[in-house]
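Observations on the three-dimensional arrangement
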Amino acid sequence: MALDRETQRERFAQVGFLMRAYREAFSEPGRRRGLSQDELLQRMAEVDESYDRRFSHATVTRWESGATRPNVERLRIFGKALNLSEIEVDGLIMLAGLAPDGDTAGAEGDGSLLDSTPADQTVPSLDPIVVPNPSSVGRGEAKLPPLLNATLGFLAFRVLLPTLFVVASGYALGAMGWNDDWMPLAYLMITSLLVLAQAFVWTDRREALRDFYWASMFILLAFPAFRYALLGLDQYGFYRIGDLAGTHVPHMLMLLVAVVLSGLSAMVFQLLWAWQTSGPRAERSVLVRATWAVLPATLLSYGPVIVLSGTAVWVQSTVAMPILVGVLVSLLVIKDPKTNPDRAQCRFLLHAVFTIAIVASTLGAVTIAMVYWLPDLRMTLPDHNLMGPWRIDFDHLGYTPEQVMKRLDAGYMWYSMCVFAYMVAVVGGNLLIAVYRLENKTRMGPDAVHSEAPMDPPPARDNARSGLLRSLLPRLTLVAMSRR
């Protein structure tokens, strides 16, 4: 009879914990105690060579966190690889809910499965983005093609599609005359909505953090155009090229820069995270690995902003981009399977993050209002960057100095409120949700067997096996620990 979903998740987490304990306690004469995850796979490949081709370090992490459903075949190969006794392997099979008793667990084949979930199906969880392990290239079937396919798919749907839209819609608006004040704003807003829809509506669930990072970086690169859109100018000074002033081309070039830079940053982040989660680097602190994956990718976009834009834009980028870096690093740490705080720590973390979000949002709103209302803070024009200043011909633009300042004030509010809303609702909201769900992950994590909180009573249909299973877990845990 099938187990209920909650019981299955608990069983998978407990089996994963024991698999990790057996791996770390493994010893043989003449070698150090314990196995790395790659070494475990190598030993399992000696039993079944398919494990050398099908699985990677990231897959073992998912086994040990309970994120994927164990099956009889895997547990038997795992037992042979680590020289476990038949009683220990049968105990793991029973604990996973794959057999009702020891006799059935000892039977050959998979005919004793008690639930109909396909083997190795992912259990809904909050695991970090899983990318193929580049270190496995050259070991049987290479792991590079899936990563290459993911990269090509990202280029096609997250870079090429917005690029085509920016060019096509830009020329469409140019054909309409590009002589209305609403056109630059509509151009920027519709393009941003397309990017957000791709990232959060048609998202790739396996690469959700990459898409979140890509959309957020695009917003931070493109939204500064709101400051000068009502004047027909752009923050990079493309309007100075030839006779482009007063046409759609400067805004089209600005949006193309945002699409390309955000796409490159997201791909670099994905590749760096794959590299950081492979080989000996995977044993380092997740905070260190996350920082080395996010920070270089962000600098790839931050550098051109510093060089091409004026003071007002890169100062605000200096504030917003570190916030994005901090949130993304936090998400990677929270979603790592090894991050398993207790419930009290989860509650404290949730309260701390919520308090910080409230304080930061309040300070941000007050700062925006002060900059707008204080008369001594003059709005800056896009008339300089690190390569030098230039002169803006207001007669050619068709505005008086008073009209220019009013439009700058309006553009500042457009930019500030849009960025503020995105950072609070989307960036901060993602972090709060991840912290809130961390407590549920903790209950399902591999360390849950150490929790002192009483477990819910098993359903009535499982009463026949409840006594055996309650005694099975501590016995297996003691056996695993005794090998240390």
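Check the entry above for the structure.
Attention shifts here to the overall build of the protein. The helix and strand inventory of the protein stands at 17 helices and 2 strands. A total of 484 residues make up the protein; the buried ones form 50% of that total. Sequence separation of 24 or more characterises 75% of the internal contacts of the protein that already satisfy a separation of 6 or more. Taken as a whole, the protein presents about 22,800 Å² of accessible surface, with 64% of it coming from carbon and sulfur.

Looking now at a nonpolar patch on the surface. A surface patch of nonpolar side chains, amounting to about 250 Å² of accessible area, comprises Leu148, Leu152 and Leu155. Here leucine 148 is to be found in helix H8 (residues 144-175). Judged by its relative accessible area of 46%, leucine 148 falls in the partly exposed class.

In this section: the nonpolar core. A general feature of soluble globular proteins is that nonpolar side chains tend to end up buried together. In this structure, Tyr213, Phe218, Leu221, Leu255, Phe269 and Leu408 are the most contacted members of the largest nonpolar core, which totals 88 residues. Those elements that place two or more of their residues in this core are H8, helix H9 (182-200), helix H10 (208-222), helix H11 (249-276), helix H12 (286-308), helix H13 (311-335), helix H14 (343-373) and helix H16 (401-444). Here this core gets 14 residues from one element, more than from any other, and that element is H16. Filtering out sequence-adjacent residues up to four positions away, leucine 255 remains in contact with Val166, Tyr187, Leu188, Thr191, Phe218 and Ala222. Counting residues in hydrophobic clusters, the runner-up holds 28 residues, among them Phe17, Met44, Trp63 and Ile77.

On to helix H6 (residues 86-95), then. With 8 of its 10 residues buried, H6 lies for the most part within the structure. Among the residues of H6, Glu88, Val89, Asp90, Gly91, Leu92, Ile93, Met94 and Leu95 are the ones counted as buried. Glycine 97, located one to two residues past H6, shows a positive phi value of around 80 degrees.

Here the focus is the packing of aromatic side chains. Applying the stated criterion across every chain, the model contains 9 aromatic pairs. Taking the centre distance of 6.0 Å and the plane angle of 85 degrees together, the rings of tryptophan 178 and tyrosine 187 count as edge-to-face. Per residue, the accessibility class of tryptophan 178 equals that of tyrosine 187, and both read buried. The interplanar angle of 70 degrees and the centroid separation of 5.1 Å between the aromatic rings of phenylalanine 223 and phenylalanine 226 together place this pair among those described as edge-to-face. Each member of the pair, phenylalanine 223 as well as phenylalanine 226, carries the same accessibility label: buried. Three or more aromatic residues joined by ring pairs make a cluster, and in this case those are Phe223, Phe226 and Trp414. Its end group placed over the ring of tryptophan 390, arginine 240 keeps NZ or CZ at 3.8 Å from the ring centre.

The end-to-end C-alpha separation of H9 is 26 Å, in line with the 27 Å expected for 19 residues at 1.5 Å each. Residues of H9 that are buried: Met183, Pro184, Leu185, Tyr187, Leu188, Thr191, Ser192, Leu194, Val195, Ala197, Gln198 and Ala199.

Attention now goes to empty space enclosed by the protein. If you walk through the whole model with that rule in mind, you get 4 cavities of 30 Å³ or more. Estimated volume of the second largest cavity: approximately 40 Å³. Forming the boundary of the second largest cavity are Tyr228, Gln235, Gly310, Thr311, Ala312, Val313, Thr380, Leu381, Pro382 and His384. Here the lining of the second largest cavity gets 3 residues from one element, more than from any other, and that element is H13. A breakdown of the residues in the lining of the second largest cavity according to their chemical character gives 5 nonpolar, 5 polar and no charged.

Glancing now at the packing of H10 against H12. It is at 11 Å that the axes of H10 and H12 come closest, and there the two elements cross at 20 degrees. By the angle class used here, H10 and H12 are roughly parallel. Relative to H12, H10 is oriented so that their crossing is right-handed. Along the contact surface, H10 presents Tyr213, Met217 and Leu221, while H12 presents Val294, Ala297, Thr298, Ser301 and Val305. In terms of residue class, the contact of H10 with H12 is built from 6 nonpolar, 2 polar and no charged.

Attention shifts here to the pattern of salt bridges. Per the counting criterion, the structure on display carries 8 salt bridges. Connected via shared salt-bridge partners are Arg20, Arg23, Glu24 and Glu64.

What follows deals with the side chain of arginine 43. With respect to the helices and strands, arginine 43 occurs in helix H2 (residues 37-47). Here arginine 43 falls in the buried class, since its relative accessible area comes to 17%. Arginine 43 has contacts with Phe26, Glu28, Leu35, Ala81, Leu82 and Asn83, leaving out every residue within four places of it along the chain.

With that settled, consider the packing of H10 against H11. Running from amino to carboxyl end, H10 crosses H11 at an angle of 150 degrees, the nearest separation of the two axes being 8 Å. Relative to H11, the element H10 is oriented roughly antiparallel. Once H10 is placed against H11, the crossing between them reads as right-handed. Across the interface between the two elements, Leu209, Arg210, Tyr213, Trp214, Met217, Phe218, Leu221 and Ala222 from H10 touch Met254, Leu255, Ala258, Val259, Leu261, Ser262, Gly263, Ser265, Ala266, Phe269 and Gln270 from H11. Counted by class, the contact of H10 with H11 contains 14 nonpolar, 4 polar and 1 charged residues.

The next thing to look at is the environment of glycine 177. With respect to the helices, strands and loops of the structure, glycine 177 is situated in the loop between H8 and H9. Each C-alpha atom, one on glycine 177 and one on threonine 247, is 8.3 Å from the other, the two residues being 70 residues apart in sequence.

Inspection of the secondary structure puts phenylalanine 26 in the loop between helix H1 (5-25) and H2. Judged by its relative accessible area of 4%, phenylalanine 26 falls in the buried class. It is 9.8 Å that separates the C-alpha atoms of phenylalanine 26 and leucine 84, two residues lying 58 residues apart in sequence. Other than its neighbours up to four places away in sequence, phenylalanine 26 contacts Arg32, Arg33, Gly34, Leu35, Arg43, Ala81, Leu82 and Asn83.

What counts and how
- Residues numbered from 1 in each chain as written.
- Predicted model: local features only at pLDDT ≥ 70, side-chain atom pairs only at ≥ 80, totals over all residues.
- Heavy atoms only, no water.
- Helix = DSSP H or I, 4+ residues; strand = E, 2+ residues; numbered from the N terminus.
- Buried < 20%, exposed > 50% of the residue type's maximum accessible area, 1.4 Å probe, protein only.
- Contact = heavy atoms within 4.5 Å.
- Areas by Shrake-Rupley, 256 points an atom, 1.4 Å probe, with all protein chains shown as cover.
- Patch = residues over 30% accessible without salt bridge, like charges linked within 9 Å, V, L, I, M, F, W, Y side chains within 5 Å.
- Salt bridge = Lys/Arg side-chain N within 4 Å of Asp/Glu carboxyl O.
- Core = buried A, V, L, I, M, F, W, Y, C linked by side-chain atoms within 4.5 Å.
- Phe/Tyr/Trp six-rings, centres within 6.5 Å; stacked < 30°, edge-to-face > 60°.
- Lys NZ or Arg CZ within 6 Å of the ring centre and 35° of its normal.
- Expected span 1.5 Å × (residues − 1).
- 1 Å grid on protein atoms, 1.4 Å probe; cavity = no way out; pocket = protein on both sides within 12 Å on 5 of 7 lines; lining within 4 Å.
- Points joined across faces, edges and corners; volume = space filled by probe spheres on them.
- Nonpolar A, V, L, I, M, F, W, Y, C, P; charged D, E, K, R; others polar.
- Axes fitted to C-alpha atoms, helices over the stretch in contact; angles between N-to-C directions.
- Parallel < 35°, antiparallel > 145°, perpendicular 65-115°, else oblique.
- Left-handed = near helix turned anticlockwise from the far one by under 90°.

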